[in-house]
Amino acid sequence: MAGITFKNVVKTYDNGVTVIPDLNMEIKDKEFVVLVGPSGCGKSTTLRMIAGLESISSGDLYIGDRRINAVPPKSRNIAMVFQSYALYPHMSVYKNMAFALELAKTPKDEIDRKVKAAASILGLEPYLDRKPKALSGGQRQRVALGRAMVRNPEVFLLDEPLSNLDAKLRTEMRSQISKLHKRLGTTFVYVTHDQTEAMTMGDRICVMKDGIIQQFDTPQNLYDYPCNLFVAGFIGSPQMNFIDAKVKKTENGYALCFGDTEVAMDKEELAAYEGKEVICGIRPEDFHAEKHFFHGNNVMEAYIDLDEMMGSESYLYLEYAGQKLIARVPARYAKKSEENIKLAIDTEKIHVFDKESELAICH
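All figures in this text were calculated on a predicted structure; none of them were measured in a lab.

Conventions and cut-offs
Residues numbered from 1 in each chain as written. Predicted model: local features only at pLDDT ≥ 70, side-chain atom pairs only at ≥ 80, totals over all residues. Heavy atoms only, no water. Pairing = 2+ DSSP bridges. Helix = DSSP H or I, 4+ residues; strand = E, 2+ residues; numbered from the N terminus. Axes fitted to C-alpha atoms, helices over the stretch in contact; angles between N-to-C directions. Contact = heavy atoms within 4.5 Å. Buried < 20%, exposed > 50% of the residue type's maximum accessible area, 1.4 Å probe, protein only. Core = buried A, V, L, I, M, F, W, Y, C linked by side-chain atoms within 4.5 Å. Domains from an automatic or database assignment. Buried area = accessible area lost by both parts, 1.4 Å probe. Phe/Tyr/Trp six-rings, centres within 6.5 Å; stacked < 30°, edge-to-face > 60°. Lys NZ or Arg CZ within 6 Å of the ring centre and 35° of its normal. 1 Å grid on protein atoms, 1.4 Å probe; cavity = no way out; pocket = protein on both sides within 12 Å on 5 of 7 lines; lining within 4 Å. Points joined across faces, edges and corners; volume = space filled by probe spheres on them. Nonpolar A, V, L, I, M, F, W, Y, C, P; charged D, E, K, R; others polar.

S.K.: Any chance you could explain the sheet that holds strand β3 (residues 32–36) here in plain terms?
M.R.: By definition, the strands of a sheet pair up through backbone hydrogen bonds, in either a parallel or an antiparallel sense. The strand order across the open sheet built from six strands is β6-β7-β8-β3-β9-β10, with neighbouring strands paired in mixed fashion. The open sheet has two edge strands, β6 (78–81) and β10 (212–217), and neither has a second partner. Looking at each pair of strands side by side, their axes are set apart by 15° on average, direction ignored. The pairing of β6 with strand β7 (residues 155–159) spans four bridges and is parallel. If you follow A79 over to β7, its bridge partner there is F156. With respect to the sheet, helix α5 (residues 167–184) is in contact with β3, β7 and β8 (187–192), its orientation differing from that of β8 by roughly 160°.

This is the structure:
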């Protein structure tokens, strides 16, 4: 078993700055977990603590049933893939992949078998005699993955491994890493600031802010049921619109009022907020220009500041009731800037947040 457990883990640097105040997290055996958040949120520090590259100030860290606080990195049976590839420039691809096994005094025939098996999986067989400088960025990253694979580690740690690649290569490598995880059946912990990587690759995603876990859940649950304003704004591109609204009691339940719009919401959780201001969250794709969505007071007429044509769809940058919004609509509904457009709000997809605590009230 190679699950990873953090129990009340604290990380404080010598200058007194605490970057991880109290971390409790359980990563299951063979799970692909992505740590995501803005720069400085503590995700790389968390990964480096698992690797043994950062010491733990207090608390307990386990890999499987083994407490590893004081275990040196080389004895943790983990492999780490870095953003910079960290290949030896004077060695061939074969030598780079074999190096750790040679240090471990592994028999030569076993080294050869493992390196060639990894090269076959990663499509590196034609490049085994080349030096890293003769490889593309994607090929170098595959060599770094291969070097980790041959050691057959219990845990793979990946620290922003795709950030140096161009957009097309990133997409290709994302699918390769996901397939590799399924093939190896090993625990993967992956750090990124790119939420697209997180959403497409992770079994579960840990969203962090200021060293604190905001939400640890499946990609779909993070998207559909964000627990607070930060998660709602961080997950999704373009990000969720946040609108100041007032809760009003109606004959059939409650409504959220902003501008000339009154959106019906039959949610009992809103009873405690009657007459109060809340934050209404609407994702850009939940505004609709199609007429069959228009009914009741869910329709608003907004001013278009800018229309960004994205091919099959358009991003409309809007102004409504003094608030800036973004709508994502099919390209055929695109309009010129400085015009008005009527849009319907999908009332089934509205999120409501408490204005003070920023916690979700209902979805």
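S.K.: Hey, could you run me through unusual backbone geometry in this one?
M.R.: Backbone geometry follows two general trends: most residues other than glycine have a negative phi, and most peptide bonds adopt the trans configuration. With omega at -10°, the peptide bond leading from S237 into P238 counts as cis. Secondary-structure assignment places P238 in the loop between α8 (229–234) and β11 (241–250). The phi torsion at N8 lies on the positive side, around 50°, for a residue other than glycine. Structurally, the position occupied by N8 is in strand β1 (residues 4–12). At E160, a residue that is not glycine, the phi angle is positive and equals roughly 45°. Mapping E160 onto the fold places it in the loop between β7 and α5. When its relative accessible area of 13% is taken as the criterion, E160 is described as buried.

S.K.: Hey, could you run me through the nonpolar core in this one?
M.R.: For soluble globular proteins, nonpolar side chains are generally found buried alongside one another. Residues M97, L145, L158, I177, Y190 and V207 are the most contacted members of the largest nonpolar core, which totals 44 residues. Apart from the residues lying within four places of it in its own chain, the contact partners of V207 are V36, I212, I213, Q214, Q215, L222, F230, V231, F234 and I235. Ranked by size, the runner-up nonpolar core spans 31 residues in total, among them F258, L318, A327 and I345.

S.K.: Which parts of the structure should I look at to understand the domain arrangement of the protein chain?
M.R.: By a widely used convention, the size of an interface equals the accessible area lost when the partners come together. When its domains are assigned, the protein chain resolves into domain 1 (4–234) and domain 2 (241–288 + 298–362). The C-alpha centroid of domain 2 is placed 38 Å from the C-alpha centroid of domain 1. Taken residue by residue, the interface counts nine residues in domain 1 and nine residues in domain 2. For the pair domain 1 and domain 2, the two sides together bury roughly 810 Å², of which 59% comes from carbon and sulfur. When the buried area of domain 1 at its contact with domain 2 is split by residue, Y223, L229 and A232 rank highest and sum to 64% of it.

S.K.: Just to check I follow, could you spell out the packing of aromatic side chains for this structure?
M.R.: In this description, a pair of aromatic rings is defined by centroid distance and the angle of the planes. With the rule as written, the count across this model stands at seven aromatic pairs. Ring plane angle 80° and centroid distance 6.1 Å describe the contact between F242 and F353, whose orientation is recorded as edge-to-face. On the criterion of sequence distance, the pair formed by F242 in strand β11 and F353 in strand β20 (residues 351–353) is long-range, its members being 111 residues apart. Residue classification places F242 among the partly exposed positions, given a relative accessible area of 26%. Of the residues examined, F353 reaches a relative accessible area of 0% and is grouped as buried. Members of the aromatic cluster, connected to one another through ring pairs, are F32, F156, F188 and Y190. For R204, the ring lying beneath its charged end belongs to F216, and the centroid distance is 4.1 Å. Lying over the aromatic face of Y254, K249 brings its terminal NZ or CZ to 5.0 Å of the ring centre.

S.K.: Help me understand the sheet that holds strand β4 (residues 58–63), please; the structure alone is not making it clear to me.
M.R.: Pairing within the open sheet is antiparallel, and its four strands lie in the order β2-β1-β4-β5. Where the open sheet ends on each side, the last strands, each with one partner, are β2 (18–27) and β5 (66–67). As paired strands, β4 and β5 are joined by two bridges and run antiparallel to one another. Each bridged residue has a counterpart across the sheet, and for I63 the counterpart in β5 is R66. Most of the contacts of helix α1 (residues 43–51) go to β1, to which it runs at about 115°, and overall it touches β1, β2 and β4.

S.K.: What exactly am I supposed to notice about the layout of surface pockets here?
M.R.: Over the atoms a probe the size of a water molecule is rolled, and this reveals where empty space is left. Reported here for the largest pocket is a volume of approximately 490 Å³. Among the secondary structure elements, those contributing two or more residues to the lining of the largest pocket are β6, α2 (93–103) and α4 (137–149). Tallied by class, the residues present in the lining of the largest pocket amount to 14 nonpolar, no polar and three charged.

S.K.: What is the right way to read the pairing of strand β12 (residues 253–258) from this model?
M.R.: Taken residue by residue, a regular strand's side chains alternate between the two faces of the sheet. Within β12, five of the six residues are buried, which leaves it mostly tucked inside the rest of the structure. Across five bridges, the pairing between β11 and β12 is antiparallel. Each bridged residue has a counterpart across the sheet, and for T250 the counterpart in β12 is G253. With antiparallel pairing between neighbouring strands as the criterion, β11 and β12 make up a hairpin whose turn holds two residues. Sheet topology note: the β12/strand β13 (residues 261–265) ladder contains five bridges and is antiparallel. The residue of β13 that forms the bridge with C257 is E262. As consecutive antiparallel partners, β12 and β13 are separated by two residues, and within that stretch G259 has a phi angle of approximately 60°, a positive value.

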